[in-house]
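Okay, here's what each chain looks like letter by letter:
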Amino acid sequence: MSAGMRELWRAGLVAAASLLLTAAAQAQQLPRWISRLSIHGYLSQAYAVSDDHQILGIPTEGTTDYRDLALQLRYDQDKANIFIVQLRQERLGDSPKSRGDVELDWAFYQRNISDRLSLKAGRIPLPLGIFNEAGGAGTTFPFFRPPNEFYERQYTSKTLEGFLGSMTLGGPAGWSFDLDAYGGQWALDQFGGDRADAREAFGAQIWANTPLQGVRIGGGAYRCTVEPRDGVAADYLMVHGSIDADLDRWRLATEYLSGNLDYYGRYHAYYGQVGYQFTKRVSVHARGAVARMKLPGNGYTITPKLSDDVGIAINYALHPALIFKLEGHTNEGLLREDAPLNLYGSPSKTRYVIASVVAGF
């Protein structure tokens, strides 16, 4: 049995054991502390293949070593004190950024001061955009993963090691506002697969919930100092904006990320996504995403095309917690992984397909 299949088998056992424990807990009277413990998780397993060159860890010969697995334990001591730990394994085929081991994803304490104000401390999901906190929870997202262009871990992070304050404010004429402010540090993936520490990080995000049901507008910014390269630290200053609309059968999302990477240049990314729910079980989604760099040269600036990605996905929900997905993409840019990254090179084009199943519990 291959290593990938062994990991999948272990993931299935973990999911099955968790379901049995939950059922047993509901079937009998439990001690008070156990009744306050809840277990959640998901498994997203895929087969992926690319037709011209390797991209996002997807080789031309195809791979089943493409999965996202998480197990979350939550303990509600009372309404005011909550403890959360989440373990996660993310496999991205042959990508140099793929992490094979099970890692500590979240581990934090949440203090609810009131219904409108809370504080978190520890390893916290970073409030950035629409899908960063949801991560790979594929039952809430129509593609295998959020758009790489916006959520590229070279410039952003999934988690924050530090503190987070959250507040909800009411507004006039049916408006309300969700505010987050945070500080600490995180890790950034590099193109070669190594990680760099981003220290002295701080930022904020605000969501404006409009009077239109299901429509919200968000924006934020963060700053961090990336560990030195050749003895010189780089300061990143990034801004981002989002529009999210859940309109009965329609789901619309668009986001923009832009910032100064110090002597690395500037990074810009944006995407648009639209989905339509045809029946209770079937939905279709389309997405276009763009990423660009601006690099300083000898008296001039170049703008390499990092990625132009267009994708279509079909989702079939056998159950709200069991979804099958089939998606196809066309990508043109510099993301090919079978050759060293050359920001001054010519873009190459490929198509790739991902077929996945996601189960949540």
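These numbers were taken from a predicted model, which means no experiment stands behind them. (Residues numbered from 1 in each chain as written. Predicted model: local features only at pLDDT ≥ 70, side-chain atom pairs only at ≥ 80, totals over all residues. Heavy atoms only, no water.)

Draft legend 1. Spatial organisation of the packing of aromatic side chains. Enumeration according to the criterion identifies 16 aromatic pairs in this entry. Here the aromatic rings of Trp-106 and Phe-108 are separated by 6.4 Å at their centres, their planes lie at 50 degrees, and the arrangement is tilted. The buried category is assigned to Trp-106, whose relative accessible area is 14%. Phe-108 sits in the buried class, given a relative accessible area of 6%. Between Trp-186 and Tyr-222, the ring centres sit 5.3 Å apart and the planes meet at 80 degrees, which makes this aromatic pair edge-to-face. One end of the pair, Trp-186, is in strand β7 (residues 176-189); the other, Tyr-222, is in strand β9 (residues 215-229), and 36 residues separate them in sequence. Residue classification places Tyr-222 among the buried positions, given a relative accessible area of 1%. Here a set of aromatic residues connected by ring pairs shows up, and it is made of Phe-131, Phe-141 and Phe-143. (Phe/Tyr/Trp six-rings, centres within 6.5 Å; stacked < 30°, edge-to-face > 60°. Buried < 20%, exposed > 50% of the residue type's maximum accessible area, 1.4 Å probe, protein only. Helix = DSSP H or I, 4+ residues; strand = E, 2+ residues; numbered from the N terminus.)

Draft legend 2. Representation of the pattern of salt bridges. All chains considered together, the criterion is met by 16 salt bridges. Glu-90 is the salt-bridge partner of Lys-158, the closest N and O atoms lying 3.4 Å from each other. Placement of the pair is Lys-158 in the loop between α3 (148-151) and β6 (159-170) and Glu-90 in strand β3 (residues 81-92), with a sequence separation of 68 residues. Overall, Lys-158 belongs to the partly exposed group, its relative accessible area being 23%. Measuring nitrogen to oxygen at the nearest pair gives 3.7 Å for the salt bridge that ties Lys-305 to Asp-308. A cluster of three or more residues bridged by salt bridges with shared partners is formed by Arg-292, Lys-305, Asp-308 and Glu-332. (Salt bridge = Lys/Arg side-chain N within 4 Å of Asp/Glu carboxyl O.)

Draft legend 3. Focus on the confidence of the model for the protein. Looking at the protein as a whole, the pLDDT averages 87, with 87% of positions reaching at least 70. Here residues 1-9 scores under 50 on pLDDT; set against residues more than four positions off or in separate chains, the count is eight contacts. Note that pLDDT drops below 50 for residues 11-21; the model gives that stretch eight contacts with residues more than four away or on any other chain. (pLDDT = per-residue confidence, 0-100. Contact = heavy atoms within 4.5 Å.)

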